[in-house]
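Structure at a glance
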Amino acid sequence: MASLNALVAVCLAYVFFLFCVAFAAERAGVRGRARWLLRSPLVYTLSLSIYCTAWTFYGAVGYAARSGLEYVTIYLGPSLVMIGWWWIARRLVRIGRSHKVTSIADLISSRYGKSNGLAIVVTVMAVIGVTPYIALQLQSVTASLSLFAAAEQGSLTDADEARAAGFWIAVGLALFTVLFGTRNLNVNERQHGVVIAVAVEAVVKLIALLAVGVFVVWGIAGGVSETLARIDASDLGTWEMDGSRWAGLTFVSAAAFLCLPRMFQVMVVENDDERHLQIASWAFPLYLMLMSLFVVPIAVIGLDLLPTGSNPDFFVLSLPLSQGREGLATLSFLGGFSSATSMVIVATLALSTMVSNHVVMPVFLYLHQGGATQSGDVRNVVILSRRLSILAIIGFGYIYYRLSGGSGALAAIGLISFAGVAQFLPAMLGGIFWRGATRAGALVGLGVGFSVWVFTMLLPSFGPDAILSAAVFDHGLFGINGLRPQALFGIPGLDPTVHAIFWSLLLNAVSFALVSLLTFPDPLERLQGAQFVNVFDHSGQTRGWQAPVAESEDLMIMAQRILGAEEAQRLFQTEADRQGNGGYLPKPTADFLQRLELELAGSVGGATAHAMISQIVGGTAVSVQDLLAVADESAQMLEYSSQLEAKSRELSQTAAQLRDANAKLMQLSDQKDAFLSQISHELRTPMTSIRAFSEILRDTDGLGPLEKTKYANIIHVEAIRLTRLLDDLLDLSVLENGQVTLNQQSGSLVDLLDHAIATAQASEARPIAFKRRRLDEMVTLHTDLDRLSQVFINLVTNAQKYCPAEAPELRIVVSQTGETVVVDFIDNGSGIPAASRDVMFEKFSRIGAQDGNGAGLGLAICREIMARLGGDVSYLDGTGGTAFRVTLPQSQALAAQ
Amino acid sequence: MGKHVLLVEDELNIIEAIRFLLSREGWQVDTHSDGADATDVIRSSKPDLVVLDVMLPGKSGFDILEELRGDAATADLPVLMLTARGQSRDREMAEKAGVSRFMTKPFSNTEVLTAVRDLLYVHGQRT
């Protein structure tokens, strides 16, 4: 018993050592130290070696002892995957990183439109497929322990003791996983402790197996050539190769390598750098080669030396023991122990993430409807649910182990488990390579494959009459011959394992493809499909969120609960800074929501994160444009180019606006030039006469008095003209600037017109007859009478000046339509040509050249005045002569009543 | 004896002033007020000098000048241009069009006389 105790002590010391290593790595990781080691390709490669579980560590030798070289297939599959990393592994890692995938269930659910239903299916299948495998690990450890005890005492330890050992091992593993596997909520943040511990264990098991191998070859057989001779002599030397089994097993182990939750965890989720994959692509096959190097020698020597009937599965342990090499045996035991524990830890971690994210959290969120916005930290719930999941899964494993009672059925469970998780392969590969794959296809494929696997592999593994009756084996389910579990469709003769793998995966893939072809993916699914399949063309994200009505505060509260206050605030602050609006709450843009969803996905998985955000934002809307983008093979390119188009459209709009503004400025500038030019002309013209005649008067001798008077008169007239021009200009300027103050008065229209006519007649000598109906003019007005009078004078004067008729005559017609008073000034002249009517109210516009006296400001001033008074003056068409209509605004007309 | 000057101008008082000035110097002064047919009038009356306003009804002085310069018969005819739009751009345009002398209004009577004298003299020498 002393030696067994020593073994237990060594075991405990080893576990303590692992705790220390994990703890140190965790600390270093938090402080950002030792990155060279924590994030090295070496550690990555070694962590991949959790593929080699106790089943491979012990079982490979047993496998070789029973079936010769066939055990190589178990190593061959993964090696092929890694060597061909460029095609599949690289794609998985890229997708996993860009979409913050937390598990294989998350990957598949994300791909098929973030469907949580699919995630649950995958999770349940994974738990069913992997739990027995965990039980197998527990069994291998307890079995090896009891083997040790047997060698010591000559008798097997009793069953209770083995069970107790199994229990405590399970507890220890659960503790370790809980401690180091749930430190970070965000699964994408590396679990350094776990990874390093796994890497260390990888080294231990390799050294252990190599040590046993070296001992066997050189210590027992006595050299390489002797060993080879022995191998040749044994049955194993004969090369029996069953092609279908080789192909089937290689394929299923390759598939399992990709699909096993724990492999996905270390290969994709814990991947730090895509380049590590490149190194692992040769380093990992090398590791596997070393692991398998001494398998055959150990098997052959074991068969030779050990008594017939001893379990070849434990040759690795029993050979050194039989030779009295306890130290070596202890090392070997530690190797097996390492294999078992590392597998259990990582597998449990991966499964617990799936269970927690896809089963527990959705249920929790459903029960706490609207709970995403409540204050309080959900992180504890997430972590707690993950820890409980860990305990539950290891508990399941332990119960399974207890129930199966170490039966022979366990030995086959490795391969059965492989085939079970391999059912994920069609949905996964289809998802990342085939745009046409749909959720319905994936669901049906998984369901069919899983059912076939259960029926042809899992249930029969318990033996006839265990679960399936012997009758079912012989005559098929319900007596249907085509439903015999080991000869489906009545095709016998296939090896049972190959049979199960072949049919389950074939039916899985076929139904997956068929249903995918027959169903139509929903928009989000198409979008995700494009993202996954074209992951190398663009690592952008699906742009799904389209509801900026989401309130940032709610999002913040939710994010705090999932990510923790500090992390969430940092995220929001960064985004707010990026958006460039002060404060700490960014606008909930589609981009930001996308980023937030991704961050949350890292903690609670894609489907849950999506559900949580949609709880606040109110669901995603996939726009027609998105659909178009998806419909096209180059979805992102389209989007990008449409962004560019929008930008260039914006630019050209701006350019057009600038052009317009420029044109307006140019026009204004031209107008200003023309105006200045006009003013210059109008001022200089009278000045010219004044100067010329004043010089004449000054310099010319002998001017007659008549001439002198005439010239002085010209000077006088021109000076008045100049003054009037300046007055008009100032008047117009005041009117145009709106600086005019109106002097509101009441008066009658008759008086106003009388005054205007009198003034006009005084200033202009040319006679004109007036026609009026004074009765109509009996209207009282309330307005700026002086200004209105100015307009009337101008119009009357114009008629006087410009009416070309022999007997000029001006009719003044006052009419009232409704409450509007209209005054028309109609002369019997020739009218104004249509072309000039547009411009005649402009400054300096003069019609014809009859008279050089006016500056062309009169009508412009009239128009300005009427505008100020709230009325209008316009040319009246169709009267035969020249006619203007002055409209008095309503308020003034009202006042006139 | 008296040289023949044609004054193309639409402002009555200015016509009066220039006619007074040039007549006193012994030149024969004819006037024309419309821009539209000014070129034809100039061609037919064959003056020794044209005094041309810019802002004329019907056609601008610049256009008339260009027409004169484009015609071999009047290409060398001395043209004294008067304008009330005293912007430098107008001067450039006039020079480009081939004006002989350019003056802005209001002008000094002596300057006008000197200019007319110069132009008539130079023109007379050349022919």
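That block above? That's the structure.
**What to know about the packing of helix α7 (residues 89-98) of chain A against helix α14 (residues 261-269) of chain A**
Residue and element names in this part refer to chain A. Put simply, α7 and α14 touch, their axes get as near as 9 Å, and they point 75 degrees apart. Relative to α14, the element α7 lies roughly perpendicular. Residues Ala89, Leu92, Val93 and Gly96 of α7 form the contact with α14, whose participating residues are Phe264, Met267 and Val268. Tallied by class, the residues present in the contact of α7 with α14 amount to 6 nonpolar, 1 polar and no charged.

**Details of the packing of aromatic side chains**
Aromatic ring pairs are defined here through the distance separating the ring centres and the angle between the ring planes. Residues and elements named next belong to chain A. By the definition in use, this model includes 18 aromatic pairs over all chains. A ring pair is formed by Tyr14 and Phe337, whose centres lie 6.1 Å apart and whose planes are at 65 degrees; its orientation type is edge-to-face. Of this pair, Tyr14 sits in helix α1 (residues 2-30) while Phe337 is found in helix α18 (residues 326-367), placing the two residues 323 residues apart along the sequence. No difference in accessibility class separates Tyr14 from Phe337, as the two residues are buried. Residues Tyr875 and Phe884 carry aromatic rings whose centres are separated by 5.7 Å and whose planes lie at 85 degrees to one another, so their mutual orientation is edge-to-face.

**Notes on the nonpolar core**
All names here are of chain A. Formed by 158 residues in total, the largest nonpolar core has its most connected members in Leu48, Tyr51, Ile104, Met267, Phe333 and Phe424. Broken down by element, this core gets its largest block of residues, 17 residues, from helix α11 (residues 192-221). Residues contacting Met267, with those up to four places away along its chain left out, are Tyr44, Leu48, Met82, Ala89, Val93, Phe257, Leu258 and Leu277. Core analysis: the second largest hydrophobic core is formed by 46 residues, Ile768, Val821, Val823 and Leu857 among them.

**Re the interface of chain B and chain A**
Frequently, the measure chosen for interface size is the accessible area removed from exposure when the parts meet. On the chain A side, the residues contacting the 22 residues of chain B number 27 residues. Counting each side, the surface lost to burial between chain B and chain A is near 2,100 Å², with a carbon and sulfur contribution of 56%. Its largest share of buried area at the contact with chain A, chain B owes to Asn13, Phe20 and Pro106 of chain B, together 26% of the area lost on that side. At the junction of chain B with chain A, the criterion picks out 2 salt bridges. Between Glu16 of chain B and Lys710 of chain A there is a salt bridge, with its nearest N and O atoms 2.8 Å apart. On inspection of chain B and its partner chain A, the count reaches 9 residue pairs in polar contact (both at pLDDT 80 or more). Among the elements of the structure, α1 (12-24) and α5 (109-126) of chain B are those that each provide at least two residues to the side of chain B that touches chain A. Along the lines of polarity and charge, the residues of the side of chain B that touches chain A split into 9 nonpolar, 7 polar and 6 charged.

**Let's talk about the pattern of salt bridges**
Residue and element names in this part refer to chain A. Evaluated as defined, the whole model comprises 20 salt bridges over all chains. Across the pair Glu809 and Lys771 runs a salt bridge, and its minimum N-O distance is 3.7 Å. Here the residue Glu809 occupies a position in strand β6 (residues 809-817), and Lys771 occupies one in strand β4 (residues 769-772), the gap between them amounting to 38 residues. Salt bridges linked by common partners bring Asp754, Arg772, Arg774 and Glu777 together as one network.

About the criteria used
Residues numbered from 1 in each chain as written. Chains lettered and ligands numbered in written order. Predicted model: local features only at pLDDT ≥ 70, side-chain atom pairs only at ≥ 80, totals over all residues. Heavy atoms only, no water. Axes fitted to C-alpha atoms, helices over the stretch in contact; angles between N-to-C directions. Helix = DSSP H or I, 4+ residues; strand = E, 2+ residues; numbered from the N terminus. Parallel < 35°, antiparallel > 145°, perpendicular 65-115°, else oblique. Contact = heavy atoms within 4.5 Å. Nonpolar A, V, L, I, M, F, W, Y, C, P; charged D, E, K, R; others polar. Phe/Tyr/Trp six-rings, centres within 6.5 Å; stacked < 30°, edge-to-face > 60°. Buried < 20%, exposed > 50% of the residue type's maximum accessible area, 1.4 Å probe, protein only. Core = buried A, V, L, I, M, F, W, Y, C linked by side-chain atoms within 4.5 Å. Buried area = accessible area lost by both parts, 1.4 Å probe. Salt bridge = Lys/Arg side-chain N within 4 Å of Asp/Glu carboxyl O. Polar contact = N/O pair within 3.5 Å; in protein donor to acceptor, adjacent residues only side chain to side chain.

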